[in-house]
Amino acid sequence: MSGVRFYATHHSLILGLILFATLLAAVNYDNNLVYLILFWLLGMAVVSAVYSHRNMAAVSIKPGASWPVFAGSDLRFTLQVHNGSLQPVSALAIRVPVNGQEVTAFLDEIAPGDTELVELVTPAPQRGLYRLETATVESEFPLGILGVRREATLQQPYIVYPELKGESPFPDIVYDAQDQDAGTRSGGDDFYGVRAYLPGEPQRHIDWKAVARGMPMMVKQFTGGGAGRLWFPWKALDGLETEARLSQLAQWIVQADEENLFYGLLLPGQQFEPDKGKEHRHLLLTALASYQRGKGEPT
Amino acid sequence: MKSSLNSGVTAPQLYRLQACFGLGILVHLGNVPWWLLLAVAALVYWRWQIVRASVPLPSLFTRACLGAVLFLGVLAEFGTVAGRDSGTMLMIGLVAIKFLELRSTRDYMVISFVLYFMTLIALLFDQSIPVFLLVLVVMGLITANLVYYHSARQKRVWLPTRRLLRLTGLMLIQALPLALVLFIFFPRVQGKFGFNLGLAKSGLSQELEPGSISGLIFDDEMAFRVEFPPGSAKPPLQHMYWRAFVLWDVDARTNRWTMGRVRAERFALEGGTPLRQTITLPATGEKWLFALDHPTDRPPIEPTWLGRLRPGDVYEANRPVNRKMQYNVTSLIGANLVAVGGALSPDISEIALEITNRRLLNPRVVTLAESFQEKGGDAAGIVREMLSYFRTEGFRYTSLPGSYSEDMLADFLFERKTGYCEHYATAAGVLLRLAGVPSRLVIGYQGAEYNPYGDFYIVKQANAHVWVEGYVPEEGWVRIDPTVIVSPARIASGPQEVREEAGSSLTVEVAGQPIEINYGDWQPEWLEALLDEGDLRWQQVEEVWDRWILSYNPESQERLLSQVGVQRQLRGVVFVVASLLVAVATVALVWWWLRRPEKKLEPEQELWTQYQRLLAWAGVPRRRWEGPLDYAARVAQILPKVGESAQDFAETYVRLRYAPQTANRDAALSSLRASLEKIRQRLEKTPSQVEG
């Protein structure tokens, strides 16, 4: 978090005008009580500056979560706002620049020591791999004449998949002659036994219920594969623009995932073996999103 | 500059602001005409309906029309839009119209700040303590509303939480030292007389007719306050005659006395003992300055720029007194006011004997005067005769003499024979003039009330009095107060008795016969004593208030600064330095105040903090994402000596903090402390060495 910076709001001008008018009245009518009230208001403005500062002094922003979305829909992400002081913090506005625009969220109050989650929603930019660079937190507490601002570096990554578009049916399934005999190709969904978990393996198939019972970690094994593997090749989409190709590939991936099929991806320079599951889907979609884009392009 | 956060105003916020507006108007209740209040109420209601019934806001054109109507109304009422009263009216109306425009945060803030101004200008009308306190309360509430607006945008709650109210109160208190320093040191402009406040003038009026003075008998407002130097010989209350101004001209047709224009009068004060008075005069809007009979200009009034001694031996201010003033004046008690050269100058003499429309006087009055002249002989004798007439002819003194007919003089002198001091004085004045004795009327006050708590005297409007001065050769202008003759009690004990009398009987005419009906304005004795006591105490409070706050003026400031040893030229520098010092001190104090720990941490959390601090000092600070166990593991790697104790601590801490219940909290806590202690010892024995 950067340090606390002050800025004067428009309203301070208005108060200044009022105080000046009060001074005129006090001098003109030679009225001591008006002098007293004038100076009291001035004093309060000074004191409120301290309160403004203290309000913001222990506030920090940490990255939250972001969910990958498809281009054309809304990007949702959260930020954690933490109040490290022993007093409640009031009236925060959090601003995050996303894709050239600024998204704002408001927090009324954070209890001492608490962390609040702020959700921000904004239309997603074009496909790609991005990062939220900074977030600014502002407050005009308590009187609205003085604002305080702090900046936090986020470096929170988020991904925008290509837009889903395309009506073509799946390309032909490639049957793998090699595996058809074994019948015990792993990767299907017929359960046939457990074996010990080897460290480093994906944790998808761990029998967690057994672990909760106190057993060591075991991996469930499935069979039923060999039904054929779907390949989504780049070359199959000759005649389409790059973006259209990517959109169609994304559409196929989503459909294949819904139908619980095995699918793989062939991109120029990249190959993804057929597999299935949420992680696989994300991996492939991310590859599509980042195709010919520099990694970590800032928003 | 950044644009403001959020926009849009919720209904509760609007209602609260309207409530603040209502309070602000409350402070001005006596200052604005009723039709304005009605109009404002209508506009407020309209705005309320806009929210409730989702009616659209009126257009700019509508608002402009309303504004024009307001302007015309103010012009019609006051004839101007500048000045205190008209300005206040205008402001209140404009705020009400502005409410119809209220949409965004900026509007809300503008209205709030203008409400500040609207409330505090009530102090231009009335500087008494109750009004000041009310203004303070309202300003505090406006501030609290502002604070709440900037802290709870989303909530649709009506009243601010106690925490926010407390915060506002704290801010106000913390702002006070700076306010006081600024108040004391801010260089004051020399506005000596003050500006015309458009005061409603009360008290004495420049003309005298029956009813002028008696109308004041129930007015308990302070006319002025007097202090005498300690140890001075003060005259008894019945001899305290306070001069205000002199009336020279009388018109027999209306029986009215007026000031006339006497340009110069050469006289000298002979004899008498000097007595200095310090008089605090509220803003009267008039030029007269009160002093005991007879004020002198050797030594002159202090401050000297205030005024001069004028014909008739009265002090007159150079400009109307629009500000509460304090001045010192010296009077010669018991002196004689003798014309230089022994006799009155012909001009004065002529004026002092003239009666306009003399022929309209009732012949009986003229005859009476002539009888005095015959029997008395010289001026002194005439006066004696007249006074004995009043004494022996059954005259009575009352504040409610009933209404007199056109021919008041004759009626009073021969038929009714009851009257208040103005009747006696006007009659005596005319009689003396008719008898050839130059006379004039003096208006002022008689008597006073002593306040033992503050050792000062208060002269109230009820003490208003008028008496006569007749010129007797060799003695000069002699005070002739018929009231003394007729009602010694009035002079001796003040207007109380006459008041009681006035309140307790009523004369009614039934079938030609006057019947007196007595009704009591009875108060239990203890209540009366209590009220008197309260009155005295309150006077004392007001005196302190006046002295320290209201009367603080350029002279007071100079005095204060010179006492501290600062020259006048350095005023500005002192102001800046003092303000900066106190501003910095205020900021520092508030900062410290806000650091105060409010919430007590759980004991295990305190130990955890100490644990972290200790290990950080040893060179292994905890990384933010590290849990207690991981942290302890890392510590064990880097600082093997304390590894075991650190891990013990971490395990116990995790158990205490995150497990649902811990059977034996105390044992766990003491184990935590023990581990911490071991770590401390180990670390102290070996210098910290961070490897890797």
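Residues numbered from 1 in each chain as written. Chains lettered and ligands numbered in written order. Predicted model: local features only at pLDDT ≥ 70, side-chain atom pairs only at ≥ 80, totals over all residues. Heavy atoms only, no water.

**Some details on the overall build of chain B**
Argument step 1. On a plain count of helices and strands, chain B comes out with 22 helices and 21 strands.
Argument step 2. Taken over 692 residues, chain B has a buried fraction of 48%.
Argument step 3. At a minimum sequence separation of 6, the contacts of chain B that also span at least 24 residues come to 72%. (Helix = DSSP H or I, 4+ residues; strand = E, 2+ residues; numbered from the N terminus. Buried < 20%, exposed > 50% of the residue type's maximum accessible area, 1.4 Å probe, protein only. Contact = heavy atoms within 4.5 Å.)

**Notes on the overall build of chain A**
Argument step 1. The helix and strand tally for chain A stands at five helices and 15 strands.
Argument step 2. A buried classification covers 49% of the 299 residues belonging to chain A.
Argument step 3. Carbon and sulfur atoms make up 54% of the accessible area of chain A, which totals about 13,900 Å². (Areas by Shrake-Rupley, 256 points an atom, 1.4 Å probe, with all protein chains shown as cover.)

**A closer look at the packing of helix 2 (residues 34–52) of chain B against helix 3 (residues 60–78) of chain B**
Residues and elements named next belong to chain B.
Argument step 1. Across the interface, helix 2 lies against helix 3 with an axial gap of 12 Å and an inter-helix angle of 165°. For the element pair helix 2 / helix 3, the angle class is roughly antiparallel. As for the relative orientation of helix 2 and helix 3, their crossing is left-handed in sense. Contacts between helix 2 and helix 3 involve Trp35, Leu36, Leu43 and Trp46 from the first element and Thr62, Leu66, Leu70, Gly73, Val74 and Glu77 from the second.
Argument step 2. In terms of residue class, the contact of helix 2 with helix 3 is built from seven nonpolar, two polar and one charged. (Axes fitted to C-alpha atoms, helices over the stretch in contact; angles between N-to-C directions. Parallel < 35°, antiparallel > 145°, perpendicular 65-115°, else oblique. Left-handed = near helix turned anticlockwise from the far one by under 90°. Nonpolar A, V, L, I, M, F, W, Y, C, P; charged D, E, K, R; others polar.)

**Things to note about a nonpolar patch on the surface**
Argument step 1. There is a patch of nonpolar side chains on the surface, built from Leu570(B), Val573(B), Val577(B) and Leu581(B) and spanning about 360 Å² of accessible area.
Argument step 2. Topologically, Val573(B) is positioned in helix 18 (residues 571–595). (Patch = residues over 30% accessible without salt bridge, like charges linked within 9 Å, V, L, I, M, F, W, Y side chains within 5 Å. Salt bridge = Lys/Arg side-chain N within 4 Å of Asp/Glu carboxyl O.)

**So, the interface of chain B and chain A**
Argument step 1. Each side of the interface is counted separately: chain B has 72 residues, and chain A has 58 residues.
Argument step 2. Taken together, the connections running from chain B to chain A amount to two residue pairs in polar contact (both at pLDDT 80 or more).
Argument step 3. Broken down by element, the residue count for the side of chain B that touches chain A peaks at 14 residues, all from helix 7 (residues 162–185) of chain B.
Argument step 4. Here the side of chain B that touches chain A is composed, by residue class, of 44 nonpolar, 15 polar and 13 charged. (Polar contact = N/O pair within 3.5 Å; in protein donor to acceptor, adjacent residues only side chain to side chain.)

**Some remarks on the packing of aromatic side chains**
Argument step 1. In this structure the tally under the stated criterion is 38 aromatic pairs over all chains.
Argument step 2. Summarising the aromatic geometry, the rings of Tyr35(A) and Phe39(A) are spaced 6.0 Å apart at their centres and angled 15° between planes, so their arrangement reads as stacked. Within this pair, Tyr35(A) and its partner Phe39(A) are both found in helix 2 (residues 32–57), separated by four residues, close to a single helical turn.
Argument step 3. We classify Tyr35(A) as buried; its relative accessible area is 1%.
Argument step 4. An aromatic cluster of at least three residues, connected via ring pairs, comprises Phe372(B), Tyr389(B), Phe390(B), Phe395(B), Tyr397(B), Phe412(B), Tyr420(B) and Tyr424(B).
Argument step 5. In this arrangement the basic side chain of Arg76(A) is found over the ring face of Trp67(A), its NZ or CZ atom lying 4.4 Å from the centre.
Argument step 6. Between Arg440(B) and the ring centre of Trp477(B), over which it is positioned, the NZ or CZ distance is 3.9 Å. (Phe/Tyr/Trp six-rings, centres within 6.5 Å; stacked < 30°, edge-to-face > 60°. Lys NZ or Arg CZ within 6 Å of the ring centre and 35° of its normal.)

**Observations concerning helix 4 (residues 242–258) of chain A**
Residues and elements named next belong to chain A.
Argument step 1. The first and last C-alpha atoms of helix 4 sit 24 Å apart over 17 residues, in line with the 24 Å expected at 1.5 Å per residue.
Argument step 2. Taken across its 17 residues, helix 4 has 12 buried, putting it largely inside the fold.
Argument step 3. Burial in helix 4 covers these residues: Arg245, Leu246, Ser247, Gln248, Leu249, Ala250, Gln251, Trp252, Ile253, Val254, Ala256 and Asp257.
Argument step 4. Those residues of helix 4 hidden inside the fold are in contact with strand 3 (69–70), strand 12 (230–233), strand 13 (263–267) and helix 5 (278–289).
Argument step 5. Just downstream of helix 4, asparagine 260 is the residue with a positive phi angle, here 60°. (Expected span 1.5 Å × (residues − 1).)

**As for the sheet that holds strand 2 (residues 59–66) of chain A**
All names here are of chain A.
Argument step 1. Across the sheet, which stays open at both edges, the three strands sit in the order 2-4-7 with antiparallel pairing between neighbours. Taken across any chain shown, the strands that pair with only one partner, and hence form the sheet edges, are strand 2 and strand 7 (115–123). With strand direction ignored, the average angle separating the axes of adjacent strands in the sheet is 25°.
Argument step 2. Bridge count for strand 4 (residues 74–83) against strand 7 is nine bridges, and the pairing is antiparallel. What sits directly across from valine 81, in strand 7, is glutamate 116. (Pairing = 2+ DSSP bridges.)

**Describing the sheet that holds strand 10 (residues 314–317) of chain B**
Two modes of strand pairing occur in sheets, parallel and antiparallel, and in both the strands are linked by backbone hydrogen bonds.
Argument step 1. Spatially, the three strands line up as an open sheet ordered 7-10-9 (chain B), and their pairing is antiparallel. In the strand order of this sheet, the two ends are held by strand 7 (288–289) and strand 9 (307–310) of chain B, each with one partner.

**Some thoughts on the pairing of strand 12 of chain A**
Residues and elements named next belong to chain A.
Argument step 1. Going residue by residue along strand 12, you find Leu230 and Phe232 tucked away on one face and Trp231 and Pro233 tucked away on the opposite face as well.
Argument step 2. Of the pairings in the sheet, the one linking strand 12 to strand 13 comprises four bridges and is parallel in character. Across the sheet, leucine 230 pairs through a bridge with tyrosine 263, a residue of strand 13.
Argument step 3. Between the parallel pair strand 12 and strand 13, the chain is carried across by helix 4, and the sense of this crossover is right-handed. (Right-handed = clockwise from strand over helix to strand, strands pointing away.)

**Here we look at the confidence of the model for chain B**
Residues and elements named next belong to chain B.
Argument step 1. Averaged over chain B, the pLDDT score is 80; the fraction of residues at 70 or greater is 86%.
Argument step 2. Segment residues 688–692 is flagged for pLDDT under 50; beyond a separation of four residues in sequence, or across chains, it makes seven contacts in the model.
Argument step 3. Both confidence scores are given for the complex: pTM 0.65, ipTM 0.73. (pLDDT = per-residue confidence, 0-100.)

**Things to note about the pattern of salt bridges**
Argument step 1. Following the criterion strictly, the structure yields 23 salt bridges over all chains and no others.
Argument step 2. The residue Arg281(A) makes a salt bridge to Asp257(A) at a minimum N-O spacing of 3.6 Å. Of the two residues, Arg281(A) sits in helix 5 while Asp257(A) sits in helix 4, which places them 24 residues apart along the sequence. Exposure class is identical for Arg281(A) and Asp257(A). Each is buried.
Argument step 3. Taking the shortest distance from any N to any O, the salt bridge between Lys417(B) and Glu393(B) comes out at 3.5 Å. With Lys417(B) in the loop between helix 11 (408–416) and strand 14 (418–419) and Glu393(B) in the loop between helix 10 (379–392) and strand 13 (396–397), this pair connects stretches of sequence that are 24 residues apart.
Argument step 4. Accessibility expressed as a relative area gives 15% for Lys417(B), which makes it buried.

**Examining the pairing of strand 8 (residues 128–139) of chain A**
Residue and element names in this part refer to chain A.
Argument step 1. Among the 12 residues that make up strand 8, nine are buried, leaving the element largely enclosed by the rest of the structure.
Argument step 2. Looking at chain direction, strand 8 and strand 9 (residues 146–161) are connected through 11 bridges and run antiparallel. The partner of leucine 129 across the bridge, within strand 9, is isoleucine 159.
Argument step 3. Where strand 8 folds back on strand 9, the antiparallel hairpin that results is connected by six residues, among which glycine 144 adopts a positive phi of roughly 85°.

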